[in-house]
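An overview of the molecular structure
Chain by chain, the residues run as shown.
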Amino acid sequence: MSVELMVWDEPVPISRDQARAAYLAAKKGRPVQGALPEVAKELPGLVTVFPGHVLVTMDLESMDEMSGQVFTVARAHGLVCYDPQRDLVHNVGPLGVHQGMQLHTGDGMVVHDPDLGLVHDVLATLSAQNPFAALVTFGHHFIQVSPAEQGEPAYEVEYKEGHMVRTLMPRLDDVRQAFHEYATGDRSFLSRHEWS
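Described below are features of the structure shown in this document. Since the model is a prediction, treat every value here as computed from it, not as a measurement.

Here is what the cut-offs are and how they apply
- Residues numbered from 1 in each chain as written.
- Predicted model: local features only at pLDDT ≥ 70, side-chain atom pairs only at ≥ 80, totals over all residues.
- Heavy atoms only, no water.
- Helix = DSSP H or I, 4+ residues; strand = E, 2+ residues; numbered from the N terminus.
- Buried < 20%, exposed > 50% of the residue type's maximum accessible area, 1.4 Å probe, protein only.
- Polar contact = N/O pair within 3.5 Å; in protein donor to acceptor, adjacent residues only side chain to side chain.
- Contact = heavy atoms within 4.5 Å.
- Pairing = 2+ DSSP bridges.
- Axes fitted to C-alpha atoms, helices over the stretch in contact; angles between N-to-C directions.

**Quick word on the side chain of R86**
- Mapped onto the fold, R86 is located in the loop between strand 4 (80–83) and strand 5 (88–90).
- Here R86 falls in the buried class, since its relative accessible area comes to 12%.
- A distance of 3.1 Å separates a polar atom in the side chain of R86 from a polar atom in the side chain of D83.
- Within polar-contact distance, the side chain of R86 engages the side chain of D107 at 3.1 Å.
- In this structure, R86 is in contact with M63, D64, D107, G108 and M109, ignoring residues within four places of it in sequence.

**A few points about the sheet that holds strand 10 (residues 155–161)**
- An order of 7-6-8-9-10-11 is seen for the six strands of this open sheet, with the pairing classed as antiparallel. Two strands lie at the open edges of the sheet, namely strand 7 (110–112) and strand 11 (163–169), each paired on one side alone. Neighbouring strand axes in the sheet, compared pairwise and without regard to direction, differ in orientation by 15 degrees on average.
- Bridging between strand 6 (residues 102–105) and strand 8 (residues 133–137) involves four bridges; their strand directions are antiparallel. Counted as the bridge partner of T105 is A133 from strand 8.
- Running at roughly 165 degrees to strand 9 (residues 141–147), helix 5 (residues 172–183) makes contact with strand 8, strand 9, strand 10 and strand 11 of the sheet.

**Some words on the pairing of strand 6**
- By the alternation rule, side chains of strand 6 split into Q102 and H104 and L103 and T105, which are all buried.
- Where strand 6 lies against strand 7, three bridges are found, and the strand directions are antiparallel. Within strand 7, the position partnered with L103 by the bridge is V111.
- In this antiparallel pair of consecutive strands, strand 6 and strand 7, the connection spans four residues, and G108 shows a positive phi of 100 degrees.

**Re the sheet that holds strand 5**
- Spatial strand order, 2-3-1-4-5: five strands in an open sheet with antiparallel pairing. With partners counted over all chains shown, the strands left at the sheet margins are strand 2 (46–50) and strand 5, one partner each. When strand polarity is set aside, the average angle formed by the axes of neighbouring strands in this sheet is 20 degrees.
- Where strand 1 (residues 2–8) lies against strand 3 (residues 53–59), seven bridges are found, and the strand directions are antiparallel. Following the sheet pairing, V3 is matched in strand 3 by M58.
- Across the sheet, helix 1 (residues 16–28) touches strand 1, strand 2, strand 3, strand 4 and strand 5, and the angle it forms with strand 1 is around 105 degrees.

Next up, the structure:
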C-alpha cells in the first residue's frame, strides 16, 4: 500500500478544506514531463510533478520517516504540504515561540517547528488510532494530551517544566487553547485549570 503527500506554494496559510481541494484538483491534471523543479530533486520517495504541485508517493512502512523529510524540505522552501491520509495541512506559519519545538502524535507523525494551525487540527484527530499528541521543547518542557478513560472528562493533559503536573479537561476547545498558549509562550492554562 502506498501513501502520498503533496507540496506547493501558497502566499498565505490555508485551511484543510482548501488544501484538500487543491490536492484533488492537481491530481486530476496531467503530470508534467521534463526537468524536475529544484524542490522535487530534494524530496524522497517517488516524485510526480503536476503543474505547480509535487506529489510524493511512498510505501506505508517508510511513511513516518519519509514524511518527516518531506515536511522539512517543504518548510525549507516555504511550501505548503498536504497529508491526505491524515487530512492535515502543514503551512509555513504562523509558528510558536519555542524554536525547535516538535509535534509528536500517537500515529507516528513528528513535525519540527509545527505551524499553529496544524497543532489545532491534529488535536481533533485524537482517537484509538492516534492516542496522544505532544508539543515538546526538548530539555525544557512539554505538554501532551490523550483521551481520558471512559466515565471521566474527555482529555487527560500533562505538562512538565521541572516536574510533571496533570489535569483533566472536559472539552477539546480547552485542550486546543492550552496547546496554543503553550506554543505561544503563554502559561495561562496553568492557572485556569486544577493540576495535580
